[in-house]
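# Descriptive analysis of the structure
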Amino acid sequence: GLSTASIDGAIASLQQESPKNTFAEYQDSAEQLWREGLSGISARFHEPAYDTIFATALYHTMMAPNLYEDANGRYKGVGGSIQQADDFDRYTVFSLWDTFRAAHSLFLFTQPNRIEDFYRSMLAFYDESGSLPVWALSGHETHTMTGYHAVPVLAEGILKGYIKDEKRIRKAYEAMKKSAMQDIRGTDFYREYEYIPHDKDGWSVTKTLEYAYDDWCIAQVAAMLGE
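What counts as what
- Residues numbered from 1 in each chain as written.
- Predicted model: local features only at pLDDT ≥ 70, side-chain atom pairs only at ≥ 80, totals over all residues.
- Heavy atoms only, no water.
- Salt bridge = Lys/Arg side-chain N within 4 Å of Asp/Glu carboxyl O.
- 1 Å grid on protein atoms, 1.4 Å probe; cavity = no way out; pocket = protein on both sides within 12 Å on 5 of 7 lines; lining within 4 Å.
- Points joined across faces, edges and corners; volume = space filled by probe spheres on them.
- Nonpolar A, V, L, I, M, F, W, Y, C, P; charged D, E, K, R; others polar.
- Axes fitted to C-alpha atoms, helices over the stretch in contact; angles between N-to-C directions.
- Helix = DSSP H or I, 4+ residues; strand = E, 2+ residues; numbered from the N terminus.
- Left-handed = near helix turned anticlockwise from the far one by under 90°.
- Contact = heavy atoms within 4.5 Å.

### Points about the pattern of salt bridges
Within this structure, the stated rule accounts for 11 salt bridges. A salt bridge links Lys207 to Asp201, with the nearest nitrogen and oxygen atoms 2.5 Å apart. Residues participating in the shared-partner salt-bridge network are Glu166, Arg170 and Glu227.

Okay, here's the thing in structure tokens:
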């Protein structure tokens, strides 16, 4: 049984998630869960091996994000504080540089029941840390890779109507702006010069490109809100 919050949470998770008695029962349960998970897209191929390749690729898209809270809804948040997720499931492992371009758009079709929880997990991270996640791992920020790509993920959710609550939309917009206005990872140079000079900061080209795209996404949300 696992919990980042407490021993009681680990015991509760063990009791809730381990009701079966034999390995074969767990094997059958896991197979059924994966069949359900992989049923989001139905496809047929001329070449027999391609269906295996396709299913394997779809499987890989479902390795993360990971559920982070225990059976009591508690988890260790940013900075080690114990947090409670009362009315949503808290996820972590948002490798956003890897996933913002395509995986999160794909999730709208393959994991629609988890989409709102993904968005709310990013906003919970903002509540705990003061900025949206860049590359969140086990409830903490790694600052791996470039960009602040929670922005396009949330912007897509807002502009396509997956985030409907007006207060949550406003909160996401404020979080986007605050994440963009930090003086870290070359963002100060980006705002000063409108690009990042290569002698001022590393990875200057990719940072300039990705910050420009992320800020364009913020602008689309701003336009929708009349800001």
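Having seen it, we continue.
### Some points on empty space enclosed by the protein
According to the stated counting rule, one finds 1 cavity of 30 Å³ or more in the structure shown. The calculated volume of the largest cavity comes to roughly 50 Å³. Along its surface, the largest cavity is lined by Val134, His143, Gly147, Tyr148, Ser179, Gln182, Ile184, Arg185, Thr187 and Tyr211. Considering only residue class, the lining of the largest cavity consists of 4 nonpolar, 5 polar and 1 charged.

### A closer look at the packing of helix 8 (residues 166–180) against helix 10 (residues 204–225)
In contact at an axis separation of 10 Å, helix 8 and helix 10 are set at 145° when each is read in the N-to-C sense. Crossing geometry of helix 8 relative to helix 10 is assigned as left-handed. In this structure, helix 8 uses Glu166, Ile169, Arg170, Tyr173, Met176, Lys177 and Ala180 to contact helix 10, whose residues at the interface are Asp215, Ile218, Val221, Ala222, Met224 and Leu225. Considering only residue class, the contact of helix 8 with helix 10 consists of 9 nonpolar, no polar and 4 charged.

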